[in-house]
Each structure stands twice: as C-alpha cells, then as structure tokens.
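Structure at a glance
Listed below, chain by chain, are the residues.
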Amino acid sequence: MRSVSDAAHRPRYVVLGNPGCRRVGLFQEALVRAGLAPALLVSWLDLLTGRDDLSVTVQPGDVVRIESPGREFEVERELLAWGAESADEEEFDRLSAQRLQALTFERGRILAPRQWYLGFRRALARVSTQLEACGDVTTMNDPAEIAMMFDKPACHAHLREAGIPVPEALGSVQSYEELLDWMERCRCPRVFVKLAHGSSASGVVAYQFQGDRHQAATTTELVREAGEVRLYNSRHIRTLRDPHEIGTLVDALGRHRVHVERWLPKAGLDGQSFDLRLLTIAGEPAHTVARLSRSPMTNLHLLNDRASVERVREQAPAVAWEAALDTCRRTAAAFPRSLHAGIDLAFSPDFRRHAVLEVNAFGDLLPGTLHAGQDTYGAELAALSRAA
Amino acid sequence: MGIYEFNQQFAGKPVINWDANQPLADAENHVYRISIDWDDSEAGEKWTDRLAMFLDDPASAQVTGLIVGFWGGEPGDESAAPVVEALVAARDRLPLLNGLFLGEILAEECEISWIAQTDVSPLFEAYPKLEYFRVRGSTGLRLGAIRHARLKELAIECGGLGRDLLHDVFASELPELEHLELWLGAEGYGAEATVDDLAPLLSGELFPKLTYLGLRDSEITDDIAGVLANAPVLERLEVLDLSLGTFGNGGAAALLASPHAPKLKKLDIHHHYCSDEMIERLRGLGIEVEASEHQTPDDWGDGEHRFVAVGE
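Residues numbered from 1 in each chain as written. Chains lettered and ligands numbered in written order. Predicted model: local features only at pLDDT ≥ 70, side-chain atom pairs only at ≥ 80, totals over all residues. Heavy atoms only, no water.

**Focus on the overall build of chain B**
Counting its regular elements, chain B contains 10 helices and 14 strands. Its C-alpha radius of gyration of 20 Å places chain B within 12% of the 20 Å reference for a compact globule of 312 residues. Restricting to contacts in chain B with at least 6 residues of sequence separation, those with at least 24 account for 68%. Here chain B has roughly 12000 Å² of accessible surface; of this, 47% comes from carbon and sulfur atoms. A distance of 9 Å separates the average location of the 23 positive side-chain charges in chain B from that of its 56 negative side-chain charges. (Helix = DSSP H or I, 4+ residues; strand = E, 2+ residues; numbered from the N terminus. Rg over C-alpha atoms; globule rule 2.2 N^0.38 Å. Contact = heavy atoms within 4.5 Å. Areas by Shrake-Rupley, 256 points an atom, 1.4 Å probe, with all protein chains shown as cover. Lys, Arg positive; Asp, Glu negative; His and termini not counted. Charge placed at Lys NZ, Arg CZ, Asp CG, Glu CD.)

Right under this line is the structure:
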C-alpha cells in the first residue's frame, strides 16, 4: 500500500477554474488538509482566450479537476463569444460578437443561456482535446458528462433511458401557446418551465392553471428596455396570475430554449416542502442535505432553510429511503466518468415514490455539510486515493 | 403560502399512508390516509378504486379513522363528490369510523382554494359514530345544517370561508361539539365573515360543550379578539386558537382587558404580529401562550400589510 507520506506517489492536482472563486479556495484547503500540495490553477479566462493551455500545465500522472466557470463576468462574456461562433440545431436568441463587446456586468441578468451553453460545450470539447495531449491523467470529472448535465433535456432523456425515475417531460416548447397546447394534450395542469441551460432556480417558472385561473411562481424578472425584453434572476419569488403576463415571460424564456416537465408534488418536512441535494462520490451516496421551502422552488438559493438527513430518515419509511439511495447509485452509474454528481431528488408527499429532478456537475459546493467526518472535497480526495 | 406537510396524528391516533401492498396491521390503532398520486392517475386509477381495495382487506372493518388525501384527476378539476358518494356507500363496511378528514391535500398537490369540495352533509347521516370531522378547501363545500349526536370536533380548513358555510355551521345541532375550528382566510380567496357574522357563536348559545374555539387564518384577527374579549363564549373556553392569522398588539390589548381571558388554559396565536412585550404581558395572565412564528408586516410606503399563513 502506498503511504500518504510517500511524496513520490502523491499526485499533483491541477484545477481548471476561476482564480479567487470560493469553490477553488475550498478545494485548495481540502488538499492542504489531506497533506497534499495546493493545486496548480489554470484559469478559465486564460484557457478561453488562448493565453493558457492545459497541455502546457498538465503532466502524465496528474489529477485534473474541472470547476465551474460561473460567477465571473469576463468568463461569461468569453463563453458567449465562443457560442456566437457555434452552429445550432435550432434558432434561439443570440448576441453578436459586437454586442458582446459592449456588454457591461449587470447583477442577475440572464443574457443568452443557449448561446452560453453552445460556448461552454465547445470549450469543454477543447478541454478534452487538450487533456488527450497530456498522456495518462486522471480527471475528477469528464468534459462530455459535464456538458450533458448542463443540458437539461439531454440529461433528462439520458436518465429516462437508464430507467431512473424522472418527472415526465413535455417536449420542446418555444412559446406559451405551445406550452398550453402540450399541457392540455398531456393532461398536465402543473409544470415546471426551466431554462434548458440554467443553474439552480435561474429562469424557472412553476406554472399551474385550472379553468381560467392561472398561477405562476417565478424568480425571473422581466424588464422592457430599449425596445427589448430583458430577463433577470431575483431572490424574490413573484406570483403572476395574469395569463398575458405569464405568456410574455414563457415566450421570453422560450427564446433561450426551455425544458418543461410535470411538476411533481413534493413531500413535506417541518412545515415546508423539501427536496434532497445528494452528492454521490465514486458512485456512492455521501453528503446529503434536505432543502426546505414554502415555494415550489426548493433550490432557490442558500437562504432556504435546511434540514439534516436524519430528519428525513425519521419521516421517510426505510424502504423508501433505501430505494432513493439506490436511484442515486444508478444515477451516478449513468455518469461513469464523473467522480461526483450532485443529485436533486424529491419524494412524493406520501413517500411512495421519488424522482430525480436534476443532476449537477458542480454540485459539491456544500460547505458545512459533512459525511463520515469529511467535507465534500475531502471525501472526494479520499475516494481518489482509495482508487489509486 | 400554503400547507406543505401532512399531519402525523389525527383523531388521537398516528397516521399511516395506506399502501396497497401492505396488509393492514393493528388497524384499530391507526388512521389511514388514502390518496392518489400522478402515476396512479396516469395508470387510470381513481381514488374510489383505492378505497375499494382498502375495504377488501378484512381488517378495514376495525378502522376508526380515515384521511382522504389527494383524489386525483386534474388538481381541483374533479370534485370530491365521487369520494363522498363512495364513503357513504361504504358505511356498513366501516362500522367503527369515528374520524374523517376529507381532503388533506398539500399546496404541492393543489392550492387550498383550488381544491374542489362538494356537499358533505350525507357523511354525517352515514356515520353516526363520527366524532372528528375535518375538511380542507371551501370551494364547492356545503355542510348543510348538521344534526349529529356524537360529533366532538369540526374543522374547516380553507383559504377563505364564505358566509353560507358560516351559516351552515351556526345552524347545526351538535350537542357534543367540543372543538370548533374555522379558518376564515383572506378576502381575495373568498373570506366573507365580519365580526358581526360571528355574533351567534360569540353569544355562547351554540354548542353547549364547546371548550376549544379556533378562529384561525384570519385577516381580521384583532377585530375578532376585540369582540371575543367580552363575549360570553370566552367564559366557557379552555383553548382560544387565533393562530395562522394577523393577531397583533391590538388583539393582545383587548384580551389583556378581558375578564375571561385569564380563565383560559391556552391561547394559541402562532403566526402573529405581536410585540415581545405584549406576548410577555399575555403570559402574565398565567395562561399558556403559543406565540411562535412572529411575523413582520410588509410596508410598501402605504401602511402595514399583514398576511394570513394559509392563502395561496
């Protein structure tokens, strides 16, 4: 067995991420705690602008971790620029390279998520190519699987094919009119409309109607400015009851590609509804938090109340809990090249059923949540050293 | 806001979600919740089919309490009429039934004001041993003037109670009624009751055994407290439940001046707008005060807005 103190066998870590980002900082701390050297950092911005190349930094035997490129405006602009040059299967709203140059940072603004995704997918393909040139390296997560997890319709279809319980999807919808048509045809009066490439509750509408009563809960603000409709994420949930207003919002989201699925009712805990963020590491369920909410959006932000996994286990029958864990194992197995996956899972109100709502590529930012005494990053490093 | 969690106890017994694959065990000591979910619904199963399966278990004859959960169809689109009809038809197969909760449906399943209720009056005739009856949702709900010799607990949980329902309740003859809970709700969702409408109840002439009065989830909680303070009914109460509503310092001041309030065992005002100081003064009456979930009023520059806990 290799000894931890055997420096010759300690792998070197390389992180592709945004310098100064909290995720990178927490991972570096975990490396230090594990007695390892801090990771070398390749910045997303440098990679995207061609100033840096993974094949320059990464050497055979290294472990590479791809981190979120999020929360950095210059990186977002660069990914959008990469997306501006990508062909698309369908027509969605685009920002020209010229307009991108003129953009300034606006808090919460939803720019062009489809174009962003096309850029991100292209960048991930570039990451793959660069890593292939590095020889024998270990990757903590896989570029192609990250791309899949960031594509909600594709991820949903992938899980469904793997026999994993997911809410029924209502197909591709580009307008409110199409949405109503689908809802009628599927006899489905309650749906979630989500941006196909949005993270957490960005661009999500929980919509229901009955007769001529309509209700849509959303965190998305719609602003008309300079003759265009702009979308913003807000921390506040608004309830819209006017079908015209709802229609305008759904139409606006539809121009960026949306994923529509049945709104499955969630079970309750401590007076609120809840879902689970369950992180699998090396295929096994590990860090788990229950996210509580008095709104349809349990994944709104970190301000939502949380409950411990023990509280959930007190409520859920053992057989339901075990079945959910099994689903998480199978979900992780559907992404065999990802060391970790952040699975969002909800139980039905009577715990008879459960469904996987999302799989998050960068779902391991769960500060303060321990499993077997380790935080998420520490547990990932331990899993890697076991596998080595 | 709505209701997001099931009750774990009903009619004094623990609740179990009935599972068609599990034979009933210790049936007399549990309450069973029968509900339909989306997958059942998609498979063409109806709530009444599930009740029939439940009744096929011979142990169901020992069951004393049932909860009707979500009954399927499109939320709110299919009323409880077939459910009530099936329960009435099952009267001889549930000879011990003394507790029924019709429509324990979560906001995640259907908004409370979208639940399509029905005329439930046939249930009271069908089940003479009924002691506990709760119903959630007032849309389409009719009680009729109930004549029932055993009913101890009656509760209407809703986002807005109409005047007609209030009249139904006040016209009922319920000599054993101890616990009455009316969720008055918000005007935007059908709340109609004014303090004047409550006069027959406050006079203390209805329901001779009443000891628990809940006037919950109301936009006019302070006004209600104002008239309750000197109302004869308060003298007989052990528990006054003004929770889930808009109880504030005005309501507290009224109760502090009431000759009857110190005789209460418990005052429940949880989800309230009362100051800490007023809560302390209420506790000074020597009664138990449940004052959790302190709320802060919204103010958009046009004065304070208080909200009930359960609307939509």
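Don't stop here, the text continues.
**With respect to the interface of chain B and chain A**
Each partner contributes residues to the interface: chain B has 28 residues there, and chain A has 32 residues. Summing both sides of the interface, chain B and chain A together bury roughly 2700 Å²; the carbon and sulfur share of this comes to 45%. Of all residues in chain B, B:Tyr4, B:Glu108 and B:Trp114 bury the most surface against chain A, accounting for 30% of the area lost on that side. The tally of links from chain B across to chain A stands at six salt bridges. The shortest N-O distance in the salt bridge between B:Asp40 and A:Arg353 comes to 2.6 Å. Taken together, chain B and chain A are joined by 17 residue pairs in polar contact (both at pLDDT 80 or more). In terms of residues, the side of chain B that touches chain A owes the most to one element, helix H1 (residues 38-42) of chain B, which gives four residues. For the side of chain B that touches chain A, the class distribution of residues is 11 nonpolar, five polar and 12 charged. (Buried area = accessible area lost by both parts, 1.4 Å probe. Salt bridge = Lys/Arg side-chain N within 4 Å of Asp/Glu carboxyl O. Polar contact = N/O pair within 3.5 Å; in protein donor to acceptor, adjacent residues only side chain to side chain. Nonpolar A, V, L, I, M, F, W, Y, C, P; charged D, E, K, R; others polar.)

**Details of the sheet that holds strand S4 (residues 109-110) of chain A**
Sheet strands line up and pair through hydrogen bonds in the backbone, either parallel or antiparallel. All names here are of chain A. The strand order across the open sheet formed by six strands is S4-S9-S8-S7-S6-S10, and the pairing between neighbours is antiparallel. Two strands bound the open sheet, and with one partner strand each, they are S4 and strand S10 (258-262). Here strand S6 (residues 190-195) runs beside S10; their pairing, made up of five bridges, is antiparallel. Within S10, the residue paired with Val 191 across the bridge is Arg 262. Contacting S6 and S10, helix H8 (residues 152-161) crosses the sheet at an angle of about 40° to S10. Packed on one face of the sheet, helix H9 (residues 176-185) meets S6, strand S7 (204-210), strand S8 (213-225) and S10 and runs near 55° to S7. (Pairing = 2+ DSSP bridges. Axes fitted to C-alpha atoms, helices over the stretch in contact; angles between N-to-C directions.)

**As for the confidence of the model for chain A**
On average, residues of chain A carry a pLDDT of 92, and 97% of them reach 70 or more. Confidence over residues 1-8 of chain A falls short of pLDDT 50; this stretch has five contacts with residues more than four positions distant or in other chains. (pLDDT = per-residue confidence, 0-100.)

**Thoughts on the sheet that holds strand S3 (residues 63-66) of chain A**
All names here are of chain A. Sheet architecture is open: four strands sit in the order S2-S1-S3-S5, paired in parallel fashion. Edge positions in the open sheet fall to strand S2 (40-43) and strand S5 (138-139), since each of these has one partner strand only. The pairing of S3 with S5 spans two bridges and is parallel. Looking across to S5, one finds that Val 64 is bridged to Thr 139. Contacts between helix H1 (residues 22-33) and the sheet are confined to strand S1 (13-17), S2 and S3, with S1 contributing the most and set at about 170° to the helix.

**Brief notes about the environment of A:Glu106**
Residues and elements named next belong to chain A. Summarising the element assignment, Glu 106 is placed in the loop between helix H5 (97-102) and S4. Taking relative accessible area as the criterion, Glu 106 reaches 28% and is therefore assigned partly exposed. Sequence separation between Glu 106 and Phe 73 is 33 residues, and the spatial gap between their C-alpha atoms is 9.0 Å. Here Glu 106 is in contact with Arg 230 and Tyr 232, once residues within four sequence places are set aside. A distance of 2.8 Å separates the side chain of Glu 106 from the side chain of Arg 109, its partner in a polar contact. (Buried < 20%, exposed > 50% of the residue type's maximum accessible area, 1.4 Å probe, protein only.)

**Focus on the pattern of salt bridges**
The tally for this structure, following the rule as stated, stands at 61 salt bridges over all chains. Taking the shortest distance from any N to any O, the salt bridge between A:Glu228 and A:Arg109 comes out at 3.7 Å. Linking A:Glu228 in strand S9 (residues 228-240) with A:Arg109 in strand S4, this pair joins segments that are 119 residues apart in sequence. A cluster of three or more residues bridged by salt bridges with shared partners is formed by B:Arg134, B:Arg136, B:Glu153, B:Glu157, B:Glu181, B:Arg216 and B:Asp241.

**Observations regarding the packing of aromatic side chains**
Residues and elements named next belong to chain A. Under the counting rule described, the total for this entry stands at 19 aromatic pairs over all chains. Measuring from centroid to centroid gives 6.4 Å for Phe 274 and Phe 347, while their planes differ by 45°, and the two rings are tilted. Within this pair, whereas Phe 274 is found in strand S12 (residues 272-281), its partner Phe 347 is found in strand S15 (residues 340-347), the two being separated by 73 residues in sequence. With a relative accessible area of 1%, Phe 347 lands in the buried category. Seen in terms of ring centroids, Phe 347 and Phe 351 are 5.2 Å apart; in terms of plane orientation they differ by 50°. Their pairing is tilted. Given the relative accessible area of 9%, Phe 351 is considered buried. Three or more aromatic residues joined by ring pairs make a cluster, and in this case those are Trp 44, Trp 116, Phe 120, Phe 150 and Phe 362. Above the ring of Trp 182, the side-chain terminus of Arg 185 is found at 4.9 Å from the ring centroid. (Phe/Tyr/Trp six-rings, centres within 6.5 Å; stacked < 30°, edge-to-face > 60°. Lys NZ or Arg CZ within 6 Å of the ring centre and 35° of its normal.)

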